[in-house]
Amino acid sequence: MISTSIRRALFRAGAVTAIGALALTGCTATPDDGAAESGPMLTVPREDMGTFSQNFNPFSPNAAPMTTQSVYESLLIYNPAGGDTVPWLAESWEAADDGLSQTFHLREGVKWSDGADFVAADIVTTFELQRELLGGFDYLDTVKAIDEKTVQFTFNRKFSPALFEVGQQVIVPDHIWSEFEDPGNEENPTPVGTGPYTEVSNFQTQSFDLLPNPNYWQPEKQKIPGVRMLAFAGNDGANLAAVNGDVDWAPQYMPDIQSTFVDKDPENRAYWFPPTGAEINWQLNTTLDMFADPDVRKALSMAIDREQIVKVGMSDYTIPADCTGLSGNYDEWRDADVVADCDWTGYDADAAAELLDDAGFTAGADGQRTTPDGEPFAFDISVGSTSSDWLSVANIIAQNLQDIGVKATVDSPDWAAVVAGYETGEFETGIVWSANAPTPYQYYRNIMSTESVKDVGEQTFDNYHRLGDERADELLADFAATSDEAEQADIMSELQRIYSELAPVVPLFPGPEWGAYTTDNFVGWPTEEDPYATLATRAPTTVLVLTSLEPAE
Amino acid sequence: MGFILRRLGFYLVAFWASITLNFMLPRLMPGDPVTRMLSRSQQRLDPQQVESLQRLLGVEGGPWWQEYFAYIGRVFTGDFGVSISRFPTPVSEVIAAQLPWTLLLGAVSLFLAVIIGNLLGILAAWRRGGALDSVVPPLLVFIGSFPYFWLAMGSLYVFGVALGISPLRHAFSVGLTPSWDLTFISDVAAHLILPALSIVLVSIGGWMLGMRNTMISTNAEDYILMAEAKGLRPRRIMFNYAARNALLPSVTNIGMSLGFIVGGALLTEVVFAYPGVGYQLLAAVQGLDYPLMQGLFLTITAAVLLANFLVDLVYVRLDPRVRVG
């Protein structure tokens, strides 16, 4: 009798909890989607920031997302997908004949979001801060305001890649930033910028909104009500949000994107992965005897099946590399002759075996090759354990090499350990991404210049494989010294030829620039047919997308 | 009093040991935060910036012992430095923003698991061999053997994705501003249900079994027989005589669990993108954010020690035997 009353009480408690739960879930069925009359916000996930801090300092490496895309703008924007340069805060620019200075003419009528005029002093202050806080720009001598709307950069040596580096630096307002006592540690919670969406609203640790800049210089392009950022600690959560239709723009890696994302709503959803990311290389430590001979590097390169690597390892999201080592970012610079003349990035196991035989890496009775010194030809391929795509790339390489009697072992500790090995030169081989800049200058400098070569044990942040070539040094210096485009193209072709001859690294494939979107709420996305930008949300071109989108009908 | 003082001394030593460990552990890991940031940014960070970043973040370091004493000094002034992964936000601010969510999630799920688990345990032991006693414990043990995150992912898929009746992420809906009105509170509660449920389901079996087993031995005591002989109502015997005395081990467990609440159910928080301490800890480890890791470890350790100390105090009241010891 008594125990039944207890049972009833328990049930009642359970029922109350259940009803409460249902009622509460019901409450969220109508989430607040911003002001009803202005339509939904452009919702964008950020997959590698679990929580946001209200930090809109563009000099901080952990600034809130969109700080350098939507709040602050640069003088010009280089678009790797279309290979074109878009004048932005500067209307035009020219280099001096001696190559030692560069002048920018600023756009008339640009205002900061607080209503102040955009002037040359803003640029002077920005570069002072940038160099003081983060360094870099060591070729820069002075930054001088000629008048309100003209600014001149002088260089301590000829350096033509400076145009893009200087031009893509985001500019902060002098009248705000010169007041900060400690600009490096300034959190700048209510930023004043020239960008399209600058007004921070409803800042929470897991989301925030950027509302339109009331004084934007191209008001006709502010067609969306605002940008809403959502925080995620990893791809999984962000992918779930994308698949579920909770975000408009998904810039993160999604496995099998066609069936998991697009097929859910093929009318509205699409993705575009242009191969314009950093080039992914398999780097061989050339300080080791076994990798010192270019023929050995070429043989290893020929032994691996890039088609399979791209198809299986990278889900067919990219294309095999050619022997200029240039990613799709640099299609304008690519020399078709170099590509046509070379064979060491094509898959040919027999030729690879022959080349290794000639180099003295002969196979024994068991089929395993030995180095000329008689040591077994065996080495590790280092890759970080979290990069599942690159791990399968490394595994395919190891399998391919097995076929020609070379023993490669995939070594996958944490990325920090892998990179520490790369930096000190204490690794055998590894998968490495390359520099990605508007011209291939930085790429070839990091991969072939003797300046970038450090001794083993000494830390370096580029040229992990430690190979330099004096001819490349000269060409690079010549390239930096001229701003004549035809001449630059010739020099670049020459560099490609040296690269193809030396095989300093084994190029695998250009990294795809991830990006997917839905046209449910917004239209006007960049596509392969209209590559006015990539779908990256952290690139200089992002602002082009923000100023092109408009609400769907 | 002597007992309390002795315990206090023990906790102080433990605290010092944990500070020292906190200091040492992150330093034994390979790599340094700036290079880590560089590799995470895939070269979007200019290599030339690295050196100035190192200066900026203060990871160049002096001799370790100098850093050690500076560290201890700062711990006692509540200054955990500046978070690297969320630079320039101070660590204490980061933790303060996350802690309430973890406490909420942890406290709600602990509360539910303890109440329901213990009640089930009491009932199961009281009606030994009954339906409740023979069916529920194996079932709960079975569910309890699932990893937290597996259950979390499963329920997220079923209730969030397939049925679409529960929120998928975060502690409250995007666009809401925290306030004490009904809309916000019910929104938070709705976001709490699934994460809390997945923790409760996994942990409830332990509480039930623990309570059931102590209850069974308590039920065999003479005073229970005596109470029954006196003709007291069974419900009174069950709760006031048996359960009350069987509760001591549970109190210890509650104390332990209280401390671990602060550590957060890391994986549950990650699955639901719940903005708690566990979630932040993962981000800190991924970003090699030494100051934040140290701050979090220390907060967790301090919480465990504090909870244990409180349980000691409660025990002195509940169990006269320890006062002598």
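The residue numbers shown here count from 1 along each chain, following its written sequence. Here every chain gets a letter starting at A, and every ligand a number starting at 1, in the order they are written. It should be noted that, the model being predicted, local features are given only for residues of pLDDT at least 70 and side-chain atom pairs only at 80 or more, the latter also being counted only at that level, while totals for whole chains, interfaces and linings use all residues. With hydrogens and water excluded, all non-hydrogen atoms of the structure serve as input to the side-chain values.

### Quick look at the overall build of chain B
The helix and strand labels rest on DSSP assignments: H or I over at least four residues marks a helix, E over at least two residues marks a strand, and numbering proceeds from the N terminus. A count of helices and strands for chain B gives 15 helices and zero strands. Buried residues are those whose accessible area, probed at 1.4 Å on protein chains only, stays under 20% of the maximum for their type, while exposed residues exceed 50% and partly exposed ones sit between those limits. Within the span of chain B, comprising 325 residues, buried residues form 48% of the whole. Every residue pair with non-hydrogen atoms within 4.5 Å of one another is taken to be in contact. Relative to all contacts within chain B whose residues are 6 or more apart in sequence, the contacts with residues 24 or more apart total 74%. Total accessible area on chain B is roughly 15800 Å²; 69% of this is exposed by carbon and sulfur atoms. Methods summary: accessible areas were calculated by the Shrake-Rupley approach with a probe of 1.4 Å, and residue burial reflects only the protein chains presented.

### Here we look at the overall build of chain A
Regarding its fold elements, chain A presents 17 helices and 20 strands. A compact globule built from 553 residues would reach a C-alpha radius of gyration of about 24 Å, and chain A, at 27 Å, matches this within 12%. By its C-alpha atoms, chain A is 85 × 85 × 45 Å across when sized along the principal axes. When the 553 residues of chain A are sorted by exposure, 56% land in the buried category. Once local pairs closer than 6 in sequence are excluded, the contacts in chain A between residues at least 24 apart make up 69%. Approximately 21500 Å² of chain A is accessible, and the part contributed by carbon and sulfur atoms is 48%. A positive count includes Lys and Arg, and a negative count includes Asp and Glu. His and the chain ends are not counted in either. Note on charges: their place is set at NZ of Lys, CZ of Arg, CG of Asp or CD of Glu. Computed over 29 positive and 90 negative side-chain charges, the inter-centroid distance for chain A is 7 Å. This radius of gyration counts C-alpha atoms alone. The globule rule is 2.2 Å times how many residues there are, raised to the power 0.38.

### Some thoughts on the sheet that holds strand β6 (residues 140-147) of chain A
Residue and element names in this part refer to chain A. Read across the open sheet, the four strands follow the order β4-β5-β7-β6; overall the sheet is antiparallel. Every interior strand has two partners, whereas the edge strands, β4 (90-95) and β6, have only one. Mean inter-strand twist for the sheet, computed between neighbouring axes without regard to direction, equals 20 degrees. By definition, two strands form a pair when at least two bridges between them are found by DSSP. Relative to strand β7 (residues 150-155), strand β5 (residues 101-106) runs antiparallel, the two sharing five bridges. Paired with Phe-104 across the bridge in β7 is Val-151. Convention adopted: a line fitted to C-alpha atoms gives each axis, helices being fitted over their contacting stretch, and angles between N-to-C directions are expressed from 0 to 180 degrees.

### Notes on the UniProt feature "domain: Solute-binding protein family" (unreviewed entry) in chain A
UniProt positions are given in the numbering used here, feature names are shortened, and annotations may be inferred rather than shown by experiment. Within this structure's numbering, the places UniProt gives as "domain: Solute-binding protein family" (unreviewed entry) are residues 86-451 of chain A. Secondary structure content for residues 86-451 of chain A is 29% helix and 20% strand, while the C-alpha to C-alpha distance between its ends is 32 Å.

### Topic: the state of the cysteines
Residues and elements named next belong to chain A. Any pair of cysteine sulfurs within 2.5 Å is marked as a disulfide. Considering all chains together, one arrives at one disulfide over all chains under this definition. The side chain of Cys-323 participates in a disulfide bridge whose partner is Cys-342; the two sulfur atoms lie 1.5 Å from each other. Residues Cys-323 and Cys-342 are joined by a disulfide whose S-S torsion is about -120 degrees; by sign, that bridge is left-handed. Of this pair, Cys-323 sits in the loop between α9 (306-313) and α10 (336-341) while Cys-342 sits in the loop between α10 and α11 (349-358), placing them 19 residues apart in sequence. On the basis of relative accessible area, Cys-323 is assigned to the buried category, the value being 1%.

### So, a positive patch on the surface
All names here are of chain B. On the surface, a cluster of positive charge is made up of Lys-230, Arg-233, Arg-235 and Arg-236. For Lys-230, the location among the structural elements is in helix α9 (residues 222-230). With relative accessibility at 54%, the residue Lys-230 sits in the exposed group. Residues form patches when they are more than 30% accessible in relative terms and have no salt bridge. Like charges link within 9 Å. Nonpolar side chains (Val, Leu, Ile, Met, Phe, Trp, Tyr) link within 5 Å. Note on definitions: salt bridges are taken to be side-chain nitrogens of Lys or Arg within 4 Å of carboxyl oxygens of Asp or Glu.

### Notes on the pattern of salt bridges
Residue and element names in this part refer to chain A. Going through the model one piece at a time under the given rule, you end up with 16 salt bridges over all chains. With a shortest N-O distance of 3.5 Å, Lys-223 and Glu-550 are connected by a salt bridge. Of this pair, Lys-223 sits in the loop between β9 (207-212) and β10 (227-231) while Glu-550 is found in strand β20 (residues 550-551), placing the two residues 327 residues apart along the sequence. Judged by relative accessible area, Lys-223 falls into the partly exposed class, the value being 41%. Residue Glu-550 is classed as partly exposed on the basis of its relative accessible area of 32%. A salt bridge links Glu-501 to Arg-471; the nearest nitrogen and oxygen atoms lie 3.3 Å apart. Pair noted here: Glu-501 is in helix α16 (residues 485-502) and Arg-471 is in helix α15 (residues 470-481), with a separation of 30 residues, a long-range link. Arg-471 gets classed as partly exposed once you look at its relative accessible area, which sits at 38%. Among the charged side chains, a network of salt bridges with common partners joins Asp-322, Asp-331 and Arg-334.

### Topic: helix α6 (residues 235-243) of chain A
All names here are of chain A. Taken residue by residue, α6 has Ala-238, Asn-239, Ala-241 and Ala-242 as its buried positions. Buried residues of α6, seen end-on, are gathered within an arc of 160 degrees and therefore sit on one face of the element. Just beyond α6, the residue with positive phi is Gly-245, at close to 80 degrees. Here the arc refers to the set of directions running from the helix axis out to each C-beta atom.

### Side note on the UniProt feature "transmembrane region" (unreviewed entry) in chain B
Residue and element names in this part refer to chain B. Within the UniProt annotation, "transmembrane region" (unreviewed entry) is assigned to residues 9-29, 101-126, 138-168, 188-209, 254-275 and 295-316. Counted over residues 138-168, helix gives 71% and strand 0%. Its end C-alpha atoms are 30 Å apart. As a span, residues 188-209 carries 100% helix and 0% strand, and end to end its C-alpha atoms are 31 Å apart.

### Some remarks on the sheet that holds strand β11 (residues 249-250) of chain A
All names here are of chain A. Read across the sheet, three strands follow the order β11-β18-β12 without closing on themselves; strand pairing throughout is antiparallel. Edge positions in the sheet fall to β11 and β12 (269-271), since each has one partner strand and no second. Here β11 pairs with strand β18 (residues 516-518) via two bridges, running antiparallel. Each bridged residue has a counterpart across the sheet, and for Ala-250 the counterpart in β18 is Ala-516.

### Considering the nonpolar core
For the purposes of this section, nonpolar cores are sets of buried Ala, Val, Leu, Ile, Met, Phe, Trp, Tyr and Cys residues that join through side-chain atoms within 4.5 Å. The biggest cluster of nonpolar side chains holds 159 residues, and the ones touching the most others in it are Phe153(A), Trp282(A), Phe379(A) and Leu401(A). Take this core: its biggest share by element is eight residues, from helix α12 (residues 388-403) of chain A. One finds Phe23(B), Tyr68(B), Val277(B) and Leu298(B) within the second-largest nonpolar core, a separate group that totals 27 residues.

### Some words on the pairing of strand β8 (residues 197-204) of chain A
Residues and elements named next belong to chain A. Across five bridges, the pairing between β8 and β9 is antiparallel. The residue bridging Val-200 from the neighbouring strand is Leu-210, located in β9. Between the end of β8 and the start of β9, which pair antiparallel, lie two residues.

### Comments concerning a nonpolar patch on the surface
Residue and element names in this part refer to chain B. Nonpolar side chains collect at one region of the surface, where Tyr-148, Phe-149, Trp-150, Met-153 and Leu-267 lie side by side and expose about 470 Å² of accessible area between them. Here the nonpolar patch gets four residues from one element, more than from any other, and that element is helix α7 (residues 148-162). Topologically, Phe-149 is positioned in helix α7.

### Points about the pairing of β10(A)
Along any regular strand the residues' side chains alternate between the sheet's two faces. Residue and element names in this part refer to chain A. Counted residue by residue, β10 has five buried out of five residues, so it is predominantly covered. Neither face of β10 is open: one carries Val-227, Met-229 and Ala-231, the other Arg-228 and Leu-230, and all of them are buried. Here five bridges tie strand β1 (residues 42-46) to β10, and the two strands are oriented parallel to one another. Across the sheet, residue Thr-43 finds its bridge partner in β10, namely Arg-228. Two strands pair when backbone bridges link them, and β9 and β10 are joined in this way by four bridges, in the antiparallel orientation. Considered in β10, the bridge of Ser-207 is made with Leu-230.

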